[in-house]
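Chain by chain, the residues:
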Amino acid sequence: MSSEKIFKTLHYSGVLSHNGDCTEMENGTSVTEFILARFPNVHEVEILLLVVFLLIYLVTVLGNTLIIVLVYTDGHLHSPMYYFLSYLSFREISMTSSVVPEMLANFLSEKKTISFDGCFSQLFFSFLMGTTESILFAVTSYDTYVAVCNPLRHPSIMTSKVCSTLVLGCWAGAFVMILSSLVLAARLPYCGANVIDHYFCDSAPLLHLACADIQLIEWIDFMVFWVLLLGSLALTVLSYAYINSAIFRMPSAQGRQKAFATCASHFTVVSLGFGISIFVYARPSHMTSVHLNKSLPVVSSIVAPLVNPFIFSLRKEQMKEALKNALHKGLVMTKRAGKPRASSWLVLSLEKSEQDLSVHRDKLASLDETPWMRFSGA
């Protein structure tokens, strides 16, 4: 079921229905769609943007899908860290998919419109994914803290049940936090101009089209995001403070260097996500720069999902090794498909020997590694 159908179900059930008598334009007709007028309506520019954003979207979806597949198919990646990273990748796919396809369709259309239900479904899913990301950042930071500062207790603390509960809590908590303001916004009367000066249905430009007092919704959004940011950011900063303290106590200079490199990549992604949220969403709209409202969401919803997989996951040695193994298995299967069946037993024997050697090599390497090096994938 598409996001718009989900929203329509809530809409017609009365939960998110807007006031049909009040949601009218000046000529008396109901507002059934909005016009997105963020990009210049020049054909050559639209074609260029279409190609650029389509390539970004394809790379984002393929890169994050690759991470999810590798985590769930490679036994070496069955750890809490990669479990959480796979859900971050799922979040990146969902976030960019809630915005980019509609934007690409508008590039090919003369009317840059989006339906009322489609607009609010886009707003719902973009807010849900953004809120979930902030909570997931805090969860991954806590997992990093446990792995570095309590490596012997890490397997008993971060069990599969605990990890599943934490992920479920992230999604449930995000849904509860955004629901009240979304319901209030959907029930507002929208009249007058229906042109949204943005490339997707974001909260601030959409609320300014309402012909009613929006101060209550703005302050609900303001308080919710500050509670979210202060809570998740405080846990993240506290976790990294303990992590850095543990790293400084490492006797090996090489171990410290690799640990700092891993922390730096994590901290870059976290800072980018929290920084954009603070500048755009955690302030009342009258205090926020118009240019920031238009530009920074491009980074959070399109650019960040593209670069996060390469910073968070694909740079790790364990992930690189899993990718090499997957490519090797695919190559072997391709070659085996073109060979006679009589030689298949030899191929299977070679694969079994390679797997045994890989397991023994990992066991020998683990004897010389510190707990942090095993965690970081170095």
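As the structure is a prediction and not an experimental result, all values here were calculated from the model. Residue numbers here run from 1 along each chain, matching the order of that chain's written sequence. With pLDDT at 70 or above as the cut-off, local features in this predicted model cover only qualifying residues; side-chain atom pairs require 80 or more to be listed or tallied, and sums for whole chains, interfaces and linings still use all residues. Heavy atoms throughout the structure, all of them, feed into the side-chain values; hydrogens and water do not.

> Where do I start with the overall build of the protein chain in this structure?
Working definition: helices are DSSP H or I runs of at least four residues, strands are E runs of at least two. Numbering for both runs from the N terminus. The helix and strand tally for the protein chain stands at 14 helices and three strands. The rule is simple: take the accessible area with a 1.4 Å probe, protein chains only, and divide by the maximum for that residue type; under 20% is buried, over 50% is exposed, in between is partly exposed. A burial count over the protein chain gives 44% of its 378 residues as buried. Accessible area for the protein chain stands at about 19200 Å²; split by element, carbon and sulfur atoms hold 67% of it. To be clear on the numbers: accessible area is Shrake-Rupley with a 1.4 Å probe, and residue cover counts the displayed protein chains and nothing else.

> Looking at this structure, how should I read the UniProt feature "transmembrane region" (unreviewed entry) in the protein chain?
UniProt positions are given in the numbering used here, feature names are shortened, and annotations may be inferred rather than shown by experiment. Here the UniProt feature "transmembrane region" (unreviewed entry) sits at residues 47–72, 162–185, 223–243, 264–283 and 295–314. From the first C-alpha to the last, residues 47–72 spans 38 Å; its make-up is 100% helix and 0% strand. Measuring from the first to the last C-alpha atom of residues 162–185 gives 35 Å, for a span that is 100% helix and 0% strand.

> Please explain helix 4 (residues 100–107) as it appears in this structure.
All of the buried residues in helix 4 are V100, M103, L104, N106 and F107. Buried residues of helix 4, seen end-on, are gathered within an arc of 160° and therefore sit on one face of the element. Our arc is simply the arc of the directions from the helix axis toward the C-beta atoms.

> So what exactly am I meant to see when it comes to the packing of aromatic side chains here?
Working definition: an aromatic ring pair is given by the centre-to-centre distance plus the angle between the planes. Working definition: rings of Phe, Tyr and Trp (its six-membered ring) pair if their centres are within 6.5 Å, and the pair is stacked with planes under 30 degrees apart, edge-to-face with planes over 60 apart, and tilted otherwise. In the structure shown here, the tally under the stated rule is 14 aromatic pairs. Ring centres of F120 and Y190 lie 6.1 Å apart, and the angle between their planes is 65°; on these two criteria the pair is classed as edge-to-face. A residue pair is termed long-range when its members are at least 10 positions apart, and F120 in helix 5 (residues 116–149) and Y190 in the loop between helix 7 (160–186) and strand 3 (195–196) qualify at 70 residues. Owing to a relative accessible area of 0%, F120 belongs among the buried residues under this scheme. We classify Y190 as buried; its relative accessible area is 1%. What links up through ring pairs into an aromatic cluster is the set F34, F116, F120 and Y190.

> Can you help me understand the packing of helix 3 (residues 80–97) against helix 7 in this one?
Two quantities define a packed helix pair, namely the angle between the helix axes and the distance between the axes. In this analysis, axes come from line fits to C-alpha atoms, helices being fitted only over the stretch in contact, and the angle between any two N-to-C directions falls in the range 0 to 180 degrees. The interhelical angle for the contact between helix 3 and helix 7, taken along N-to-C directions, is 25°, at an axis separation of 11 Å. With respect to helix 7, the element helix 3 is oriented roughly parallel. Between helix 3 and helix 7 lies a crossing of right-handed hand. Contact with helix 3, carried on its side by P80, Y83, F84, Y87 and F90, involves C163, S164, L166, V167 and W171 of helix 7 and no other residues of that element. The residue makeup of the contact of helix 3 with helix 7, split by class, is nine nonpolar, one polar and no charged. Should an angle fall under 35 degrees it is called roughly parallel, over 145 degrees roughly antiparallel, and 65 to 115 degrees roughly perpendicular, with every other angle called oblique. Left-handed describes a crossing whose near helix is turned anticlockwise from the far helix by less than a right angle; the clockwise case is right-handed. We call two residues in contact whenever any of their non-hydrogen atoms come within 4.5 Å of each other. Residue polarity follows a fixed list, in which Ala, Val, Leu, Ile, Met, Phe, Trp, Tyr, Cys and Pro are nonpolar, Asp, Glu, Lys and Arg are charged, and the others, Gly among them, are polar.

> So what exactly am I meant to see when it comes to the environment of D143 here?
Position of D143 relative to the elements: it lies in helix 5. The buried category is assigned to D143, whose relative accessible area is 1%. Sequence separation of D143 and P80 is 63 residues, and the distance between their C-alpha atoms is 7.3 Å.

> Explanation requested: the pattern of salt bridges in the structure shown.
Should their charged atoms come close, side chains of opposite charge can pair. Salt bridges are identified by distance alone: a Lys or Arg side-chain nitrogen within 4 Å of an Asp or Glu carboxyl oxygen. Tallying each qualifying case throughout the model produces two salt bridges. Here R91 ties to E92 by a salt bridge, and the two come within 2.5 Å at their closest N and O atoms. We classify R91 as buried; its relative accessible area is 2%. The closest approach of N and O atoms between R91 and E133, which form a salt bridge, is 3.2 Å. On the criterion of sequence distance, the pair formed by R91 in helix 3 and E133 in helix 5 is long-range, its members being 42 residues apart. Judged on exposure class, the residue R91 and its partner E133 are both buried. Linked by salt bridges that have partners in common, R91, E92 and E133 make up one network.

> What is the right way to read the nonpolar core from this model?
Generally speaking, a soluble globular protein has its nonpolar side chains buried in company with each other. For this analysis, a nonpolar core means a set of buried residues of the types Ala, Val, Leu, Ile, Met, Phe, Trp, Tyr and Cys, connected via side-chain atoms within 4.5 Å. With 56 residues, the main nonpolar core has F34, F120, Y190, I196 and L206 as its most contacted residues. No other element matches the 14 residues that helix 5 contributes to this core. When near neighbours in sequence (up to four residues on either side) are disregarded, L206 contacts F34, C119, F120, L123, Y190 and I196. Ranked by size, the runner-up nonpolar core spans 13 residues in total, among them L50, I56, V99 and F107.

> It is not clear to me how the confidence of the model for the protein chain should be interpreted in this structure. Could you clarify?
In predicted models, pLDDT denotes the confidence assigned by the predictor to each residue on a 0 to 100 scale. Here the protein chain shows a mean pLDDT of 75. Residues at 70 or above account for 71%. Contacts of residues 1–29 to residues separated by more than four positions or lying in other chains number 57 contacts, the stretch itself having pLDDT below 50. The model gives residues 366–378 a pLDDT under 50, and that stretch makes 28 contacts with residues more than four places away or in other chains.

> Just to check I follow, could you spell out the packing of helix 3 against helix 5 for this structure?
At a minimum axis distance of 10 Å, the contact between helix 3 and helix 5 shows a crossing angle of 165°. Viewed along their axes, helix 3 and helix 5 adopt a mutual orientation that is roughly antiparallel. Handedness of the crossing formed by helix 3 with helix 5: left-handed. Along the contact surface, helix 3 presents P80, M81, F84, Y87, L88, R91, E92, S94 and M95, while helix 5 presents S126, M129, G130, E133, L136, F137, V139, T140 and D143. Here the residues of the contact of helix 3 with helix 5 are counted per class, giving 10 nonpolar, four polar and four charged.

> Could you clarify how one ought to interpret the environment of F53 in this entry?
Mapped onto the elements of the fold, F53 is located in helix 2 (residues 43–73). With 48 residues separating them in the primary sequence, F53 and P101 have C-alpha atoms 9.4 Å apart.

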